[in-house]
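Okay, here's what each chain looks like letter by letter:
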Amino acid sequence: QVRLVESGGGLVQGGGSLRLTCTVSGRPIDDYPLAWFRQAPGKEREFVASINWQGIETDYADSFRGRSSISKDNSKSAVFLQIDNLRPEDTSVYFCGIGPRFFPPSTTPRQYTDWGQGTQVTVSS
């Protein structure tokens, strides 16, 4: 059974940076699309960034484009999200998701089959 564990969240001042890590166990990630979403209390899960199974194509939500970078390391079974210039409105729980094998990544949460428990990111003003 696949298991995803996010880490790297925390409290950071506005303008700071964080590097989130999602470690996947139970299957190699070589053939699977991966993505980061976030969800604030009372809100729907929101797309942040994705990477295709080949690790070549990436996509970002408009508010993250230019200040974020998603990458994966198959040898470590991990996907990373670097976020720079953090803003208070980025405060949320960040989740990673894994999609079906060889599928293209999606901006829709329901296209992902498994999720981690999330890591809290809090940005102070």
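Described in the following lines is the structure provided in the data block. Computed from a predicted model, the values in this text were never measured in an experiment.

Among the six residues in strand 5 (residues 46–51), five count as buried, and that is most of the element. In sequence, strand 4 (residues 34–39) turns back onto strand 5 through a hairpin of six residues, with G42 there showing a positive phi of about 80°. Two strands pair when backbone bridges link them, and strand 5 and strand 6 (residues 58–60) are joined in this way by three bridges, in the antiparallel orientation. Residue pairing for strand 6: S50 is matched across the bridge by D59.

A separate point is the environment of E6. If you trace the backbone, E6 turns up in strand 1 (residues 3–7). Relative accessible area serves as the criterion here: at 9%, E6 is assigned to the buried category. Here E6 is in contact with T21, C22, W36, Y94, F95, C96, G116, Q117, G118 and T119, once residues within four sequence places are set aside. From its side chain, E6 meets the backbone nitrogen of G116 in a polar contact 3.5 Å long.

Turning our eyes to something else, we now look at the state of the cysteines. Enumeration according to the criterion identifies one disulfide in this entry. Through a disulfide, C22 is tied to C96; the S-S separation comes to 1.9 Å. Taking the sign of the S-S torsion, about 50° here, the bridge from C22 to C96 comes out right-handed. With a gap of 74 residues between them, C22 in strand 3 (residues 18–25) and C96 in strand 9 (residues 92–98) connect regions that are remote in the sequence.

Following the sequence through the fold, P104 ends up in the loop between strand 9 and strand 10 (114–115). Placed 31 residues apart in sequence, P104 and D73 show a C-alpha to C-alpha distance of 18 Å.

Read across the sheet, four strands follow the order 1-3-8-7 without closing on themselves; strand pairing throughout is antiparallel. Pairing within the sheet leaves two strands with one partner each, and these edge strands are strand 1 and strand 7 (68–73). Each strand of the sheet is rotated relative to its neighbour by a mean of 15°, with strand direction disregarded. Where strand 7 meets strand 8 (residues 78–83), six bridges bridge the pair, whose relative direction is antiparallel. Across the sheet, residue K72 finds its bridge partner in strand 8, namely V79.

Scoring rules and cut-offs
Think of each chain on its own: its residues are numbered from 1, step by step along the sequence as written. Under the rules for a predicted model, residues below a pLDDT of 70 receive no local features and side-chain atom pairs below 80 are neither given nor counted, while totals for whole chains, interfaces and linings still include all residues. Working from all heavy atoms in the structure, the side-chain values ignore hydrogens and water. Exposure is judged per residue with a 1.4 Å probe applied to protein chains only, and the accessible area is read against the type maximum: over 50% gives exposed, under 20% gives buried, and values in between give partly exposed. Only DSSP runs of H or I reaching four residues or more are called helices, and only runs of E reaching two or more are called strands; each is numbered from the N terminus. A strand pair is defined by DSSP finding two or more bridges across the two strands. We call two residues contacting when some pair of their heavy atoms lies within 4.5 Å. Within 3.5 Å is the distance limit for a polar contact, defined as a pair of N or O atoms, with the added protein rule that one can donate a hydrogen and the other accept it, and that residues adjacent in sequence qualify only through two side-chain atoms. Criterion for a disulfide: a pair of cysteine sulfur atoms within 2.5 Å. Axes here mean lines fitted to C-alpha atoms, for a helix over just the part in contact, with angles spanning 0 to 180 degrees between N-to-C directions.

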